[in-house]
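If you want the building blocks of each chain, they are given just below.
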Amino acid sequence: TPDRLRTVIEGYLVSAQTQLHHLEASARRDDLAALAREAHGLKGSSGNFGARRLQSLAESLEAAAKAGDRQASRDLVDEIR
C-alpha cells in the first residue's frame, strides 16, 4: 500500500541520516575502525533499499577505512554527505 511504502522510505531516510552523522563523527575522531563499521551498515541498508550509488560509496569507504587510508576515508565521507 502507499502508506506502507511511505513508512519504509521514511524509515530508510531517517536511518541513513543517522548513519551519516555517525560517519561524520567517526571521521572527526579519526576512528577508522568505527568508520568501517558505520560504512558497512550504510552499505547494507542502502543495498537493501536499492540505493546503488550510496551502496558503492559506502563500500569504498569501508575498504579505505580498513586499509587505513585516512585521506580517502575523509574524501568519501564528504562525497557521501
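Residues numbered from 1 in each chain as written. Predicted model: local features only at pLDDT ≥ 70, side-chain atom pairs only at ≥ 80, totals over all residues. Heavy atoms only, no water.

## Concerning the overall build of the chain
Then, number 1: Counting its regular elements, the chain contains 4 helices and 0 strands.
Then, number 2: The linear arrangement of helices and strands in the chain, starting from the amino end, is α-α-α-α.
Then, number 3: Computed over C-alpha atoms, the radius of gyration of the chain comes to 13 Å, within 12% of the 12 Å expected from 2.2 N^0.38 for 81 residues, which places it in the range of a compact globule.
Then, number 4: Based on the C-alpha atoms only, the size of the chain along its principal axes is roughly 45 × 20 × 15 Å.
Then, number 5: Taking all 81 residues of the chain together, 36% fall into the buried category.
Then, number 6: Relative to all contacts within the chain whose residues are 6 or more apart in sequence, the contacts with residues 24 or more apart total 46%.
Then, number 7: Taking the 12 positively charged and 12 negatively charged side chains of the chain as two groups, their mean positions are separated by 3 Å. (Helix = DSSP H or I, 4+ residues; strand = E, 2+ residues; numbered from the N terminus. Rg over C-alpha atoms; globule rule 2.2 N^0.38 Å. Buried < 20%, exposed > 50% of the residue type's maximum accessible area, 1.4 Å probe, protein only. Contact = heavy atoms within 4.5 Å. Lys, Arg positive; Asp, Glu negative; His and termini not counted. Charge placed at Lys NZ, Arg CZ, Asp CG, Glu CD.)

## Examining the packing of helix H1 (residues 2-28) against helix H2 (residues 32-49)
Then, number 1: One can describe the packing of H1 onto H2 by two numbers: an axis separation of 9 Å at closest approach and a directional angle of 160°. With respect to their mutual orientation, H1 and H2 come out roughly antiparallel. The interaxial crossing formed by H1 with H2 has left-handed handedness. Counting all contacts with H1, which are made through Val-8, Ile-9, Tyr-12, Ala-16, Gln-19, His-22, Leu-23, Ser-26 and Ala-27, the residues of H2 involved are Ala-34, Leu-35, Glu-38, Ala-39, Gly-41, Leu-42, Ser-45, Ser-46 and Phe-49.
Then, number 2: Of the residues belonging to the contact of H1 with H2, the class tally is 11 nonpolar, 6 polar and 1 charged. (Axes fitted to C-alpha atoms, helices over the stretch in contact; angles between N-to-C directions. Parallel < 35°, antiparallel > 145°, perpendicular 65-115°, else oblique. Left-handed = near helix turned anticlockwise from the far one by under 90°. Nonpolar A, V, L, I, M, F, W, Y, C, P; charged D, E, K, R; others polar.)

Scope: geometric values only; no functional claims are made or implied.
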